[in-house]
Amino acid sequence: MNAWRSGEMLEVPMSEQLARAYEGFCAAGTAPAVPRLAATVMLVRSPREVFMLRRAATMAFVPEAVVFPGGGVDPADDGARCSWIGPDEEVWARRMGTSADVARRVVTAAARELFEECGVLLAGDERGVCSLDASEPAWAEERRRLVSHETSLADVLKRHGLALRADLLGLRSHWLTPEFEPRRYDTYFFAALAPTGQEPDSRTSEADRAGWVDPQAMFDRAAQGLVRLVPPTAYNLAHLLHAPGVESFAAGVEETGRVMLEPAVREGGRAVLTCRLP
């Protein structure tokens, strides 16, 4: 598995399910679905591991795929602003190629989704990152209320005298779901080193399995048909595999272009998804 470098053509086989979806989209002649803003976080640790979840079979989007913690931007992410330590929204906007408003909402969603899905909170103060056990009743209740949309990350941090540590997130890539899919996401991928004193868990209803994995072992299992990796996950996992180390990987990149795979038909009628990497 190479690192899928800038300028290269990425081409992956289209599954029968995706091929049917594309045929149905073309036949219907409808406009593409409006993509929802989303954020995903690759939580990494030494020597070279990343925390991943297998999405439950009941999930409407990529069921049973092995993914990183993440999800869509919620209305609450656009409400009260979190106390914030690290690069401001204008800096993030330049890195992400978007507006300051979108950047703030997406970075907030990244931190919130990480806490909701695996109990790791990228928060603290100028002296360091908080240490917490997400299974403790007070934190478990905060997490439940976030999942149920009863509170916002800004309010959770305020109640505990904390600030979002945006400096712990590194931008990795930006992917847009193909136009023919009925559910579309405009997703920014981030990375973060696992904070000392916090251990991710699997207490989310959206996944049926979770844990630390080695990137090469995950690719080996995917090649054997034992796990499902969708292209954006495989792309980012490959970059972790080929990075000098987890620290440099978590630092992220200064900027990234958007990637969207498009359908094409090769010799013999073989359907593929393809694009040139930015």
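Because the structure is a prediction, the values reported are computed rather than measured.

Criteria and thresholds
- Residues numbered from 1 in each chain as written.
- Predicted model: local features only at pLDDT ≥ 70, side-chain atom pairs only at ≥ 80, totals over all residues.
- Heavy atoms only, no water.
- Helix = DSSP H or I, 4+ residues; strand = E, 2+ residues; numbered from the N terminus.
- Rg over C-alpha atoms; globule rule 2.2 N^0.38 Å.
- Buried < 20%, exposed > 50% of the residue type's maximum accessible area, 1.4 Å probe, protein only.
- Contact = heavy atoms within 4.5 Å.
- Areas by Shrake-Rupley, 256 points an atom, 1.4 Å probe, with all protein chains shown as cover.
- Pairing = 2+ DSSP bridges.
- Axes fitted to C-alpha atoms, helices over the stretch in contact; angles between N-to-C directions.
- Phe/Tyr/Trp six-rings, centres within 6.5 Å; stacked < 30°, edge-to-face > 60°.
- 1 Å grid on protein atoms, 1.4 Å probe; cavity = no way out; pocket = protein on both sides within 12 Å on 5 of 7 lines; lining within 4 Å.
- Points joined across faces, edges and corners; volume = space filled by probe spheres on them.
- Nonpolar A, V, L, I, M, F, W, Y, C, P; charged D, E, K, R; others polar.
- Arc of directions from axis to C-beta.
- Salt bridge = Lys/Arg side-chain N within 4 Å of Asp/Glu carboxyl O.

A. Focus on the overall build of the protein chain. Across its full length, the protein chain holds eight helices and 15 strands. Rg of the C-alpha trace for the protein chain: 19 Å, near the compact-globule value of 19 Å for 278 residues, within the 12% margin. If one aligns the C-alpha atoms of the protein chain with their principal axes, the spans along those axes are about 60 × 40 × 35 Å. A total of 278 residues make up the protein chain; the buried ones form 51% of that total. For the protein chain, contacts bridging at least 24 residues in sequence account for 71% of all contacts bridging at least 6. Carbon and sulfur atoms form 49% of the exposed surface of the protein chain, whose accessible area is close to 13100 Å².

B. Quick look at the sheet that holds strand 1 (residues 9-13). Strand order in the open sheet made by the three strands is 1-15-14, with antiparallel pairing throughout. If you trace the sheet from one side to the other, it starts and ends with strand 1 and strand 14 (262-266), each paired once. Between one strand and the next, the sheet's axes are offset by a mean angle of 40 degrees, whatever the strand orientation.

C. Broad picture of the pairing of strand 1. With burial as the criterion, only one face of strand 1 is covered, namely that bearing Leu10 and Val12; the residues Met9, Glu11 and Pro13 on the opposite face remain uncovered. Pairing of strand 1 with strand 15 (residues 270-276), which is carried by five bridges, proceeds in the antiparallel orientation. In the strand pairing of strand 15, Met9 is matched with Arg276.

D. Here's a closer look at the sheet that holds strand 9 (residues 163-165). Strand order in the open sheet made by the four strands is 6-9-7-8, with mixed pairing throughout. At either margin of the open sheet sits one strand with a lone partner, and together these are strand 6 (84-85) and strand 8 (128-129).

E. Up close: unusual backbone geometry. Across the junction of Ser46 and Pro47, the peptide omega takes the value 5 degrees, indicating a cis bond. Tracing the sequence through the fold places Pro47 in the loop between strand 2 (36-45) and strand 3 (49-55). A positive phi is found at His149, a non-glycine position, where the angle reads about 60 degrees. Following the sequence through the fold, His149 ends up in the loop between helix 4 (137-147) and helix 5 (153-159).

F. Structural detail: the packing of aromatic side chains. Scanning the entire structure with this criterion turns up six aromatic pairs. Considering the side-chain rings of Phe51 and Trp212, the 5.6 Å spacing of their centres and the 75 degrees angle between planes classify their relative orientation as edge-to-face. Taken as a pair, Phe51 in strand 3 and Trp212 in strand 12 (residues 207-213) lie far apart in primary sequence, 161 residues in all. Summarising the burial analysis for this pair, Phe51 and Trp212 share the class buried. Ring centres of Trp175 and Tyr235 lie 5.2 Å apart, and the angle between their planes is 65 degrees; on these two criteria the pair is classed as edge-to-face.

G. Highlighting the layout of surface pockets. In this structure, the second largest pocket spans a volume of roughly 200 Å³. Considering the residues around the second largest pocket, the lining is formed by 14 residues, among which Arg172, Tyr235, His239, Val253 and Thr256 are closest to the centre. Among the elements of the structure, strand 10 (170-176) and helix 7 (231-242) are those that each provide at least two residues to the lining of the second largest pocket. For the lining of the second largest pocket, the class distribution of residues is five nonpolar, six polar and three charged.

H. Up close: helix 6 (residues 215-223). Turning to helix 6, its buried residues number three or more, namely Pro215, Met218 and Phe219. Down the axis of helix 6, the sector holding all buried residues measures 100 degrees, keeping them to one side.

I. Summary view of the pattern of salt bridges. According to the stated counting rule, one finds 23 salt bridges in the structure shown. As a salt-bridge pair, Arg36 and Asp74 come within 2.9 Å of each other at their nearest N and O atoms. Here Arg36, found in strand 2, pairs with Asp74, found in the loop between strand 5 (70-72) and strand 6; they are 38 residues apart in sequence, far enough to count as distant. Residue Arg36 is classed as partly exposed on the basis of its relative accessible area of 36%. Judged by relative accessible area, Asp74 falls into the buried class, the value being 9%. Through salt bridges that share partners, Arg36, Asp74, Asp77, Arg112, Glu113 and Glu116 make up one connected network.

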